[in-house]
Amino acid sequence: MLRAPAILLMISCSILLAQEAEFAYMGVNNCKMCHNKKDKGAQFDIWSDGPHAKVFETLKSEEALKIATGLKLEGPPHEAGECLVCHTTGWGKADGYEVLSAEFIANPENARAVKKNDYKANVGCENCHGAGSGYKSKKTMEGIFSGEIDPATVGLIYPNKEVCLTCHNEKNPNFQEEFDFDAMVAKITHPYPEEFKATKGTSPGK
Ligand code: HEC
Ligand code: HEC
Ligand code: HEC
Ligand code: HEC
């Protein structure tokens, strides 16, 4: 009797995986190179000064260790999937953050790979805007901005409350209260300056 739902579940999981595998995570450095100019809103600097750029360090805090001990996690929190899923970019997904072994890190030949992985520690642009491999080229980005390309077809997301709730939910060991979307966005907002916005086409972004 249990078999049919189990098969359905397996099918729907593999469909979900197939969709997610379509676009790969690039890391915040890939967004920084084009999104850090003052006249266009310096989104990278704003992100760097905000809460999401520090969430990986948070996993090394006393408080995090206490939570991990309470949950009887085997390793340290900054190496535990139970925590990394909401405190890094794309953990467990295509080209997402990975836990690298000490040997791998110590080998100088892996320096580039290690650095690339470091750019995915923390909650980066792609946690909210979608994995970037399909939309990060200048041509595509300009096409989205002018309204010629449908952002959904290249994986770019204009985050709504649901996106925040994938992490800001009761599964987070620090969960306290109802998530007030407008108030929370106000704390992390990184808008275009008004003059620049005036040059924007008809893309669905604000
Ligand atoms: C090669 C340069 C380049 C890279 C790399 C890049 N972008 Fe962009 N992006 C642009 C340009 C150009 C625009 C149009 C607006 C502008 O001129 O800033 C844009 C627009 C956007 C917009 C707004 C679109 C709209 O409709 O208002 C978002 C969101 C965005 N980029 C996110 C990202 C993220 C996240 C990354 C990293 C995964 C990224 N971009 C990487 C050049 C780039
Ligand atoms: C479902 C996503 C999710 C998971 C899983 C998760 N966290 Fe978090 N964590 C969050 C969010 C979201 C916040 C911020 C809550 C807030 O301030 O609104 C947070 C905040 C924290 C803070 C507090 C920071 C502060 O300033 O008070 C610590 C410490 C922490 N998490 C540790 C952990 C540890 C350890 C684990 C693994 C056992 C873990 N988290 C798993 C989403 C998650
Ligand atoms: C991939 C997981 C993830 C997503 C998605 C996410 N957050 Fe967070 N957020 C966190 C974690 C983890 C923290 C904890 C920061 C810390 O103290 O280390 C946090 C902290 C914050 C904070 C600072 C703490 C506070 O309560 O003031 C704000 C504000 C915030 N997030 C807003 C948002 C908004 C708005 C969205 C959606 C547009 C969002 N977040 C999406 C994981 C996430
Ligand atoms: C926690 C979720 C979150 C993260 C992380 C995040 N953004 Fe955003 N982004 C949003 C939301 C929500 C909006 C629309 C509302 C706003 O900015 O006030 C937005 C809007 C934008 C816009 C359009 C601004 C406008 O005025 O139309 C650009 C460009 C952008 N983000 C780029 C980035 C880049 C680049 C990064 C990383 C350096 C980044 N975002 C990180 C949630 C996020």
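Refer to the structure above for everything that follows.
Just so it is clear, the structure is predicted and the values come from calculations on it, not from any experiment. Numbering of residues starts from 1 in every chain and runs along the sequence as written. To read the labels, note that chains go from A and ligands from 1, taken in the order they are written. Per-residue local features are limited, in this predicted model, to residues with pLDDT of at least 70; the limit for side-chain atom pairs, both in listing and counting, is 80 or more; totals at the level of whole chains, interfaces and linings are taken over all residues.

1. Some words on the overall build of the chain
As a reminder, the rule being used: Here a helix means four or more residues in a row that DSSP labels H or I, a strand means two or more in a row labelled E, and each is numbered from the N terminus. Any residue pair is listed as a contact if its two C-beta atoms, each placed from the backbone, are within 7 Å.
Scanning the chain from terminus to terminus reveals 13 helices and zero strands. Taken from N to C terminus, the helices and strands of the chain fall in the order α-α-α-α-α-α-α-α-α-α-α-α-α. Contacts in the chain between residues far apart in sequence, at least 24 positions, make up 63% of those at least 6 positions apart.

2. Re the site of ligand 2
Worth spelling out the cut-off: Each residue gets a C-beta atom placed from its backbone. If that atom is within 6 Å of a molecule or strand, the residue is near it. Any residue that is not Ala, Val, Leu, Ile, Met, Phe, Trp, Tyr, Cys, Pro, Asp, Glu, Lys or Arg is counted as polar, Gly included; the first ten are nonpolar and the last four charged.
Taken together, 23 residues lie around ligand 2, and A64, P77, C83, C86 and N172 are the ones closest in. Where the shell around ligand 2 is concerned, the elements lending two or more residues are α5 (62–70) and α6 (81–87). Per-element tally for the shell around ligand 2: the top contributor is α6, with five residues. Of the residues that constitute the shell around ligand 2, the class distribution is 13 nonpolar, seven polar and three charged.

3. Comments concerning the site of ligand 3
As a matter of local geometry, ligand 3 sits amid 20 residues, with P51, T58, C164, C167 and K187 nearest to it. Looking at the shell around ligand 3, the elements that each hand over two or more residues are α4 (55–58), α6, α9 (125–129), α11 (161–165) and α12 (181–188). Looking at the shell around ligand 3 element by element, the count peaks at four residues for α12. Within the shell around ligand 3, the residues separate by chemical class into 12 nonpolar, six polar and two charged.

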